[in-house]
Amino acid sequence: AQKITQTQPGMFVQEKEAVTLDCTYDTSDQSYGLFWYKQPSSGEMIFLIYQGSYDEQNATEGRYSLNFQKARKSANLVISASQLGDSAMYFCAMREARDDKIIFGKGTRLHILP
Amino acid sequence: EAGVAQSPRYKIIEKRQSVAFWCNPISGHATLYWYQQILGQGPKLLIQFQNNGVVDDSQLPKDRFSAERLKGVDSTLKIQPAKLEDSAVYLCASSLDQQGVAQETQYFGPGTRLLVL
């Protein structure tokens with residue numbers, strides 16, 4: 001069974017609109033971390049935001065916020081006021097505290113339209 | 001602060017040839033990771049080092065892939081002999097030495113794009 005599921009292979013969004021990228025995860029651990037990375041066409045994986053399983057508040061980093069719904073095992077990334085430079089692949093990932101591996105989803109390709 | 005460095009950025013080889021990739025992690029980061037990212041997929045962990053010891057190499061095809069991290073800093077990943085299906089981006093990442101901490105963030109290098117003909 002997949003541990004990280006990203007159901008949107010691709011999305012097209014108009015510039016300046018908000019966009020939500022979906023991510024669901026599967027774990028039996030109580031302690032885990034959830035990450036979002038951005039991968040532009042240059043190939044580098046850029047860390048965007050982190051949410052811990054014990055964090056009560058949703059994480060925010062500038063225009064990025066993570067909509068964490070623990071009971072639903074959901075960790076959606078919200079980008080407010082999208083920009084052309086946001087066009088990239090976005091990966092959701094999880095790390096369980098008992099296991100140092102980060103497991104990545106298959107990614108969502110986001111296209112921002114002018 | 002300098003990020004994770006990798007070289008070369010691109011490599012084209014023929015099948016059955018050998019190739020090596022180099023990675024220099026962020027200064028002070030004890031943990032180093034090599035990932036393989038096939039087109040259209042997320043990165044897959046190949047091997048993880050803690051200082052110069054191997055923590056996890058369960059997904060490394062050991063018949064053709066090898067990696068080392070001498071002196072606990074730089075690392076090299078080698079493929080010998082290469083196959084067509086090894087065409088991918090090879091990403092190196094590093095993190096601080098905090099095993100068992102879920103929020104340990106990995107920082108990635110720019111990757112090496114390998115094409116095997």
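My aim in this report is to walk through the structure given alongside it, one point at a time.

Procedures and definitions
- Residues numbered from 1 in each chain as written.
- Chains lettered and ligands numbered in written order.
- Predicted model: local features only at pLDDT ≥ 70, side-chain atom pairs only at ≥ 80, totals over all residues.
- Heavy atoms only, no water.
- Pairing = 2+ DSSP bridges.
- Helix = DSSP H or I, 4+ residues; strand = E, 2+ residues; numbered from the N terminus.
- Axes fitted to C-alpha atoms, helices over the stretch in contact; angles between N-to-C directions.
- Contact = heavy atoms within 4.5 Å.
- Salt bridge = Lys/Arg side-chain N within 4 Å of Asp/Glu carboxyl O.
- Polar contact = N/O pair within 3.5 Å; in protein donor to acceptor, adjacent residues only side chain to side chain.
- Buried < 20%, exposed > 50% of the residue type's maximum accessible area, 1.4 Å probe, protein only.
- Disulfide = S-S within 2.5 Å.

## A closer look at the sheet that holds strand 7 (residues 65-68) of chain B
Residue and element names in this part refer to chain B.
Turning to step 1, where the next piece is worked out: In space, the four strands of this open sheet follow the order 1-3-8-7, with antiparallel pairing throughout. Every interior strand has two partners, whereas the edge strands, strand 1 (5-7) and strand 7, have only one. Going from strand to strand, the sheet's axes swing by 15 degrees on average, the running direction of each strand aside.

## Describing the interface of chain B and chain A
Turning to step 1, where the next piece is worked out: Listed per partner, the contact involves 26 residues of chain B and 22 residues of chain A.
Turning to step 2, where the next piece is worked out: At the boundary of chain B and chain A, one finds zero salt bridges.
Turning to step 3, where the next piece is worked out: Linking chain B with chain A are four residue pairs in polar contact (both at pLDDT 80 or more), by the criterion used here.
Turning to step 4, where the next piece is worked out: For the side of chain B that touches chain A, the secondary-structure elements that each account for two or more residues are strand 4 (31-37) and strand 5 (44-50) of chain B.
Turning to step 5, where the next piece is worked out: Per-element accounting of the side of chain B that touches chain A gives the leading share, three residues, to strand 4 of chain B.

## Comments concerning the pattern of salt bridges
Turning to step 1, where the next piece is worked out: Counting across every chain of the model gives five salt bridges over all chains.
Turning to step 2, where the next piece is worked out: Across the salt bridge formed by A:K3 and A:E96, the nearest N and O atoms sit 3.0 Å from each other. Placement of the pair is A:K3 in the segment before strand 1 (4-5) and A:E96 in strand 10 (residues 88-96), with a sequence separation of 93 residues.
Turning to step 3, where the next piece is worked out: Residue B:R64 is joined to B:D86 by a salt bridge in which the shortest nitrogen-to-oxygen separation is 2.5 Å. Of this pair, B:R64 sits in the loop between strand 6 (53-56) and strand 7 while B:D86 sits in the loop between strand 8 (75-79) and strand 9 (88-95); the two residues are 22 residues apart in sequence, bridging distant segments of the chain.
Turning to step 4, where the next piece is worked out: A relative accessible area of 11% places B:R64 in the buried class.
Turning to step 5, where the next piece is worked out: Owing to a relative accessible area of 2%, B:D86 belongs among the buried residues under this scheme.

## Quick look at the state of the cysteines
Turning to step 1, where the next piece is worked out: According to the stated counting rule, one finds two disulfides over all chains in the structure shown.
Turning to step 2, where the next piece is worked out: Each sulfur of the disulfide joining A:C23 and A:C92 lies 2.0 Å from the other. Between A:C23 and A:C92 the sulfur-sulfur dihedral comes to about -65 degrees; the bridge is accordingly left-handed. Here A:C23, found in the loop between strand 3 (19-21) and strand 4 (24-25), pairs with A:C92, found in strand 10; they are 69 residues apart in sequence, far enough to count as distant.
Turning to step 3, where the next piece is worked out: Look at A:C23 and you get buried, because its relative accessible area is 1%.
Turning to step 4, where the next piece is worked out: Two residues, B:C23 and B:C92, share a disulfide whose sulfurs are 1.9 Å apart. Residues B:C23 and B:C92 are joined through a disulfide that is left-handed, its torsion about the S-S bond being -70 degrees. Taken together, the positions of B:C23 in strand 3 (residues 19-24) and B:C92 in strand 9 put the pair 69 residues apart, joining distant regions of the chain. For the pair shown, B:C23 and B:C92 are each scored as buried.

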